[in-house]
Amino acid sequence: MELKLRGVTKRFGSLVANDHIDLDVAAGEIHALLGENGAGKTTLMNVLYGLTQPDEGEIEVDGRRVRFRSPKDAIDAGIGMVHQHFMLVPVFTVAENVVLGREPTKPFGLLDRRRARGEVQDLSNRYGLSIDPDAYVEHLPVGVQQRVEIVKALIRQANVLILDEPTAVLTPNETQELFRIMRELKASGRSILFISHKLKEVQAVADTVTVLRRGRVVGSPPPSATDAELATLMVGRDVELRVHKEPAEPGDVVLVVDGLVVRDETGRIAVDGVSLEVRAGEILGVAGVQGNGQTELCKALMGLLPVDRGMVAVGGRDLTRASTRAVLGAGVSYIPEDRQEDGLVESFSVAENLVLDVYDRRPFSSGISLRPDRVRDAARTSMAEFDIRAGSIEVPAKTLSGGNQQKLIVARELSRETRVLLANQPTRGLDVGSIEFVHRRIVANRDAGSAVVIVSSELDEIYALSDRIAVMYEGKIVGVVPPTTPATELGLLMAGATSTRGEEGLPGEEGLPGEEVSEVQPA
Amino acid sequence: MSSELADQAEETAKSEDGPPSPATGGDGRPGARGFTEALLDAVTSGNTVTVTVLAFLCAIFLGGLIIAFTNTTVLHAWGNLFSAPGKAFATAWDTAAGAYVAMFEGAIVNPHAVSAAFHGGPVSTVFNPLSETAVNATPIILTGLAVAVAFRAGLFNIGAASQFIGGAMIAGWIGFAVHLPFILHAAVAVAGGLVGGAVVGGAVGFLKARTGAHEVIVTIMSNYVMEYLLLYLLGLTAFRRPGNPNPISPPIATNAVLPHLFGSTLRVNVGFLIALAAAAAVWWVLNRTTIGFELRTVGSNPRAARSAGMSPERTWIVVMLLAGALAGLAGAAVVQGTNFNVAPQIYGTYTVDSITVALLGRASPTGTVLASLLFGALRAGGVTMQASTQVPVDIVTVIEALIVLFVAAPPLMRAVFRLREPRAGGGEQLEARGWGG
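Summary of the structure given here. Note that the structure is predicted; figures quoted are calculated from it, not measured.

### Side note on the interface of chain B and chain A
Facing 34 residues of chain B, the contacting portion of chain A comprises 43 residues. In total, chain B and chain A occlude about 3,500 Å² of area from one another, counting both sides; carbon and sulfur atoms represent 60% of this. Where chain B meets chain A, there are 3 salt bridges. Between R325(A) and E294(B) there is a salt bridge whose closest N-O contact spans 3.7 Å.

### Focus: helix α15 (residues 432–447) of chain A
An ideal rise of 1.5 Å per residue puts 22 Å on 16 residues; α15(A) measures up with 22 Å between its terminal C-alpha atoms. Where α15(A) is concerned, the buried positions are V432(A), G433(A), S434(A), E436(A), F437(A), V438(A), H439(A), I442(A), V443(A), N445(A) and R446(A).

### Looking at the packing of helix α5 (residues 85–107) of chain B against helix α7 (residues 124–152) of chain B
Residue and element names in this part refer to chain B. Interhelical geometry of α5 versus α7 gives an angle of 85° and a closest axis separation of 6 Å. Our classification of the angle between α5 and α7 gives roughly perpendicular. Note on element contacts: α7 touches α5 through P129, L130 and T133, opposite E105, G106 and A107. Its residues assigned to classes, the contact of α5 with α7 shows 3 nonpolar, 2 polar and 1 charged.

### Some remarks on the packing of aromatic side chains
As enumerated under the stated definition, the model contains 9 aromatic pairs over all chains in all. Arranged with centres 5.4 Å apart and planes meeting at 20°, the rings of F151(B) and F156(B) form a pair that is stacked. A centroid spacing of 5.5 Å and a plane angle of 85° characterise the contact between F176(B) and F239(B), whose relative ring orientation is edge-to-face. Residue F176(B) is located in helix α8 (residues 160–177), and its partner F239(B) is located in the loop between α10 (215–235) and α11 (270–288); the two are separated by 63 residues in the primary sequence. You can call F239(B) buried: its relative accessible area is 8%. A network of ring pairs unites the aromatic residues F348(A), Y359(A) and F293(B) as a single cluster. A cation sits over an aromatic face here: K407(A) above F437(A), 5.5 Å from the ring centre. Between the NZ or CZ atom of K208(B) and the centre of the ring of W316(B), over which it lies, the distance is 4.7 Å.

### Concerning the side chain of S456(A)
Residues and elements named next belong to chain A. Mapped onto the secondary structure, S456 falls in strand β22 (residues 451–456). Here the side chain of S456 touches E461 through a polar contact of 2.7 Å, side chain to side chain. In contact with S456, other than residues within four places in its own chain, are V286, A287, G288, Q425, E461 and I462.

### Things to note about empty space enclosed by the protein
Regions of empty space are outlined by a rolling probe, equal in size to a water molecule, passed over the atoms. Counted by the stated rule, this structure contains 8 cavities of 30 Å³ or more. If you add up the space inside the second largest cavity, you get close to 50 Å³. Counting only elements with at least two residues in the lining of the second largest cavity, the list comes to α11 (339–343) and α14 (402–414) of chain A together with α13 (302–307) of chain B. Each residue belonging to the lining of the second largest cavity can be placed in one class, and the counts come to 5 nonpolar, 2 polar and 4 charged.

### Section: the pattern of salt bridges
All names here are of chain A. Inspection of the entire model under this criterion finds 40 salt bridges over all chains. Taking the shortest distance from any N to any O, the salt bridge between E165 and K41 comes out at 3.1 Å. Within this pair, whereas E165 is found in the loop between β9 (160–164) and α6 (172–187), its partner K41 is found in helix α1 (residues 41–48), the two being separated by 124 residues in sequence. Of the two residues, E165 and K41, both sit in the buried class. Notably, a salt bridge pairs D357 with R412, separated by 3.7 Å at the nearest N-O pair. One end of the pair, D357, is in the loop between α12 (350–354) and β19 (365–366); the other, R412, is in helix α14, with 55 residues separating them in the sequence. Classification of R412 by relative accessible area gives buried; the value is 6%. Beyond isolated ion pairs, a larger network of salt bridges with shared partners links K245, R446, D447 and D467.

### Topic: the pairing of strand β21 (residues 420–424) of chain A
Note on strand geometry: in a regular strand, side chains alternate between the two faces of the sheet. Across the 5 residues that make up β21(A), a large majority, 5, are buried. On β21(A), burial covers both faces: V420(A), L422(A) and N424(A) on one face and L421(A) and A423(A) on the other are all buried.

### A word on the side chain of N269(B)
Residue and element names in this part refer to chain B. You can see N269 is positioned in the loop between α10 and α11. Residue N269 is classed as buried on the basis of its relative accessible area, which comes to 5%. With sequence-adjacent residues up to four places away left out, N269 is seen in contact with L258, P259, H260, L261, G337 and T338.

### Regarding the sheet that holds β21(A)
All names here are of chain A. The 6 strands lie next to each other as β18-β21-β22-β15-β23-β24, forming an open sheet whose pairing is mixed. The sheet terminates laterally at β18 (332–335) and β24 (476–481), the two strands that pair on one side only. Across the sheet, the axes of successive neighbouring strands diverge by a mean angle of 20°, strand direction being ignored. As paired elements, strand β15 (residues 282–287) and β22 share 6 bridges and run parallel to each other. Looking at the pairing, L284 lines up with V453 of β22. Lying over the sheet, helix α17 (residues 487–494) contacts β15, β23 (468–473) and β24, oriented at roughly 35° with respect to β23.

Thresholds, definitions, all that
- Residues numbered from 1 in each chain as written.
- Chains lettered and ligands numbered in written order.
- Predicted model: local features only at pLDDT ≥ 70, side-chain atom pairs only at ≥ 80, totals over all residues.
- Heavy atoms only, no water.
- Contact = heavy atoms within 4.5 Å.
- Buried area = accessible area lost by both parts, 1.4 Å probe.
- Salt bridge = Lys/Arg side-chain N within 4 Å of Asp/Glu carboxyl O.
- Helix = DSSP H or I, 4+ residues; strand = E, 2+ residues; numbered from the N terminus.
- Expected span 1.5 Å × (residues − 1).
- Buried < 20%, exposed > 50% of the residue type's maximum accessible area, 1.4 Å probe, protein only.
- Axes fitted to C-alpha atoms, helices over the stretch in contact; angles between N-to-C directions.
- Parallel < 35°, antiparallel > 145°, perpendicular 65-115°, else oblique.
- Nonpolar A, V, L, I, M, F, W, Y, C, P; charged D, E, K, R; others polar.
- Phe/Tyr/Trp six-rings, centres within 6.5 Å; stacked < 30°, edge-to-face > 60°.
- Lys NZ or Arg CZ within 6 Å of the ring centre and 35° of its normal.
- Polar contact = N/O pair within 3.5 Å; in protein donor to acceptor, adjacent residues only side chain to side chain.
- 1 Å grid on protein atoms, 1.4 Å probe; cavity = no way out; pocket = protein on both sides within 12 Å on 5 of 7 lines; lining within 4 Å.
- Points joined across faces, edges and corners; volume = space filled by probe spheres on them.
- Pairing = 2+ DSSP bridges.

See the structure below:
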């Protein structure tokens with residue numbers, strides 16, 4: 001099936017989200033739509049899926065002009081969409097979820113479960129999806145849930161599949177698996193519109209690339225184009241993928257973590273005897289596949305999860321059982337992993353969000369009385385300094401794009417004196433321009449004398465920022481290595497390759513029996 | 001519930017920032033975004049002013065039909081619809097219009113009283129309807145604020161009656177058992193009412209913070225506890241009126257009575273000013289203090305509040321103390337302003353009224369005051385309507401219910417009046433929920 005967009009334009013007030021967009025998706029190709037957050041990708045997809053109506057322009061399917069008034073029209077025309085947030089019922093089985101809304105029935109309207117299961121099984125076998133139709137969705141990992149969404153689209157005869165940032169929620173392995181499935185689907189003649197802002201993924205899987213910037217198509221480079229070429233197109237200038245930073249000049253030890261044991265909300269031991277020391281003026285990167293205790297480590301440091309055993313101290317002050325407010329008061333700045341759930345109040349204005357954890361300090365309040373004028377002044381300064389793009393300081397934070405939301409959080413956390421900066425996945429889901437900005441700010445914070453801890457599952461980020469790299473696996477620090485360590489060795493550590501470690505002779509590996517961790521200073 | 005989920009799943013995303021996926025969203029606890037949060041969303045971001053006004057008009061229209069067609073004369077006339085169609089419509093119109101005119105005269109202004117005043121009659125009767133509206137609105141404003149302020153912190157306070165009783169008991173006891181000079185006596189009794197309500201409300205907050213007990217259950221139960229505690233106290237010699245077999249307290253001392261604002265012929269008293277001042281204070285606390293900032297943050301996103309170093313538990317206790325104090329003031333205002341004693345059933349229907357006006361007023365102090373004034377007017381007008389047209393006063397409750405019904409269904413209002421949808425945002429989310437449930 002061929003899909004053509006001609007001159008599609010969508011305006012929201014004065015903002016032109018899509019400006020005369022032309023797009024051709026041929027049958028049997030993976031077409032990547034590359035662009036920064038806020039470039040208009042999602043709006044375009046919503047137009048294509050009938051969720052919003054374009055102001056101008058037309059859509060053609062196989063040469064026939066169509067109008068999608070609702071997602072139903074789009075589905076009928078053979079367009080399927082997998083959203084970033086899945087639309088699944090957790091207490092239903094895979095088969096039940098897949099047939100929901102078009103349930104096969106036997107006479108008297110009885111649900112034909114067997115047929116539903118069979119259809120799912122068929123599709124699963126044909127494309128190697130390895131889905132058990134009888135599994136309950138709530139028990140499935142995110143990657144499998146995504147495949148369930150794909151099956152949902154396929155069973156509705158989708159010939160063009162729109163995947164909206166599908167890798168944002170996936171582990172590297174799951175991503176590879178998704179790419180394999182995408183290629184299978186392509187081989188069967190289906191087209192895939194792959195929305196992403198990750199250059200490497202686009203290079204790896206796309207046949208054609210369209211780059212959007214500020215609502216316009218700015219180019220269709222071949223997928224073989226280099227990182228730098230793609231990035232330049234996306235952000236419209238040469239960006240440094242590698243942050244410029246001077247060698248670290250570590251000072252005194254500021255953050256001390258000793259033998260920390262933390263249980264997660266379910267009572268499972270998530271952090272298992274972690275010991276770390278971070279000095280003023282250095283960045284410690286905590287690498288590891290997501291879900292190996294990094295999040296719990298951060299939360300325990302912030303007083304958001306109780307510490308089972310062990311000790312946390314900042315600048316010699318014991319904060320093991322301190323409240324979050326006390327930790328913040330001790331000069332710790334925190335950029336949480338989930339910005340929309342933990343970092344922001346989406347219904348609050350930009351200005352209010354900018355003082356979310358300093359509202360009770362001078363000059364923003366005196367006694368219990370807030371000083372709205374001071375809050376507004378500070379917000380205007382921050383917006384300019386951190387290049388937060390928002391209509392005004394009064395608009396709700398939910399109207400900001402992801403990148404600008406993150407800049408808001410970074411602005412808030414770095415606008416005060418910090419002794420320790422703790423950042424968990426500080427650039428996840430951000431576009432190249434925003435990543436560069438956040439990275440520069442983090443390095444500047446280090447140079448100003450903070451002890452910085454960056455938790456990231458993206459190796460690029462770890463390498464770009466770290467002065468030392470600690471690798472976390474199953475709740476333990478399995479090695480602290482210099483940033484010169486090759487990626488392959490780091491990968492082995494991240495995969496918990498304990499048996500081969502000794503023979504590989506990784507740097508920083510000497511004397512690493514069990515839980516004891518030897519620290520290696522950067523070369 | 002399952003059909004709602006099914007609808008959500010089937011419809012696929014209405015908007016990109018729609019409800020978080022049930023599979024991945026929230027903090028791992030299924031249904032973490034529960035009823036209270038959904039309701040809070042609906043209450044604070046749901047409707048435009050237009051929808052509220054149209055809902056009111058629709059309720060008046062439907063209420064008129066009900067007034068007309070529960071009237072035997074009208075029904076008789078409609079029995080002869082084909083022989084005398086004009087009469088059928090005319091009687092229906094006359095009945096409904098007559099009832100509403102009487103209601104208006106009882107709540108806002110009576111033209112007869114105005115013309116009488118021009119011809120030398122008492123001026124105070126001109127303002128009597130407005131005075132009655134204010135008197136009726138006073139406890140509704142205060143209890144409505146008690147619900148609204150809790151809403152803003154994400155709590156659903158169904159315990160206005162219990163907190164009201166707590167305030168009424170203490171204010172009443174100080175009123176009849178203590179002897180103090182004028183003004184001081186009234187002030188101490190009001191303060192006692194405030195404290196009494198705060199204790200009852202604060203207990204709810206404390207239980208939630210300490211044990212995780214859900215405030216909906218605790219507040220509902222506290223209503224029963226306080227109702228029966230009131231009955232028990234009124235049976236004790238310390239509380240009962242000497243020589244009276246009925247469970248009713250002695251009258252409060254004249255020094256404890258809240259002074260009238262415009263002379264003794266108009267019932268409106270200082271209690272109304274207390275209510276307006278309380279609304280202003282609530283606005284100030286919510287928007288201009290660190291306490292209010294914490295309260296709104298906890299109500300909007302408890303996880304972000306925790307990450308920012310706030311303590312939701314502490315906030316729950318604070319907000320329930322505040323809510324209880326407001327409802328306690330309502331109890332004091334009724335005891336010292338209009339009833340002058342403590343009696344069973346003194347808490348009236350304030351539990352439901354308070355929730356309704358907070359909902360109508362979108363949990364904002366200003367909105368709550370306006371909604372309460374509307375309800376006060378309906379109550380005041382309802383009494384006059386019943387007296388002069390024999391339409392039962394209960395029709396007022398029906399109209400109130402209809403207003404809430406229409407306000408709760410903005411898509412219905414938009415469909416009826418062919419309004420455009422509000423721009424994407426909270427409203428859209430509300431709509432999806434509205435149809436789904």
